[in-house]
Amino acid sequence: MAAGRPVAAVLSAVLSAALLAGCSSGAEDARLQHAADYSAHPHLKVTGYPVPETLGLVQQVVWRLADGSADRLVKLAAAEGPTDARRAAAEEWVRTYGPGAAGEVTADFGDDPANRQTVRLTFHGTGQVKELTLRMDGPDGGGGWRVLLT
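Residues numbered from 1 in each chain as written. Predicted model: local features only at pLDDT ≥ 70, side-chain atom pairs only at ≥ 80, totals over all residues. Heavy atoms only, no water.

A. Highlighting the sheet that holds strand β2 (residues 105-109). Across the sheet, which stays open at both edges, the five strands sit in the order β1-β2-β3-β4-β5 with mixed pairing between neighbours. Only two strands of the sheet have a single partner each, and these edge strands are β1 (45-48) and β5 (144-147). Averaged over all pairs of adjacent strands, the angle between strand axes in this sheet comes to 25°, irrespective of strand direction. In this structure, β1 lies alongside β2, joined through four bridges in parallel fashion. Across the sheet, residue K45 finds its bridge partner in β2, namely T106. Along the sheet face, helix α3 (residues 52-67) touches β1, β2, β3 (116-123), β4 (128-137) and β5 and points at about 35° away from the line of β5. The strands that helix α5 (residues 83-101) touches are β2, β3, β4 and β5; relative to β4, the one it contacts most, it runs at about 115°. (Pairing = 2+ DSSP bridges. Helix = DSSP H or I, 4+ residues; strand = E, 2+ residues; numbered from the N terminus. Axes fitted to C-alpha atoms, helices over the stretch in contact; angles between N-to-C directions. Contact = heavy atoms within 4.5 Å.)

Now the structure itself:
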């Protein structure tokens, strides 16, 4: 039994190192960023039929609008059309809907998505409404859910 202890100790050390390496990964940074965003913005009111991925995407779109961050909004965009057009659309969305996104927002999700979903954002403070189109991006949807910046 004594011979098993060094093996267990080495195995424990290797697993601990792997766990620590995993905790300092990009996934942990993303989780910390999400927690910071979540606590810094008003909560999104939701109706309809989101799935976790579409809900998360819409929440991030609203946060980027509220923050005035066209750069980060472009990162959420579907790869459709020229990059310059997506960038210009993101800047326009921030100018137009940014003030409303800083307050109370309701997202009304359409039917359960297969590879596309329509979401109607209502910005209560400004009375504005913006319809989003979400779709699966990339070959066979491998790029995950993205928003069309049009």
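B. Main features of the nonpolar core. Residues V58, V61, L65, L73, W93, L121 and L132 are the most contacted members of the largest nonpolar core, which totals 27 residues. Those elements that provide at least two residues to this core are α3, α4 (70-74), α5, β2, β3, β4 and β5. Per-element accounting of this core gives the leading share, six residues, to α5. Residue contacts for V61: discarding those within four places in its chain leaves L73, L76, W93, L132 and V147. (Core = buried A, V, L, I, M, F, W, Y, C linked by side-chain atoms within 4.5 Å. Buried < 20%, exposed > 50% of the residue type's maximum accessible area, 1.4 Å probe, protein only.)

C. View of the packing of aromatic side chains. Summed over the entire model, instances satisfying the criterion amount to one aromatic pair. For the pair Y97 and F123, a centre-to-centre distance of 5.4 Å together with 25° between the ring planes defines the contact as stacked. A residue pair is termed long-range when its members are at least 10 positions apart, and Y97 in helix α5 and F123 in strand β3 qualify at 26 residues. For the pair formed by Y97 and F123, the shared burial category is buried. (Phe/Tyr/Trp six-rings, centres within 6.5 Å; stacked < 30°, edge-to-face > 60°.)

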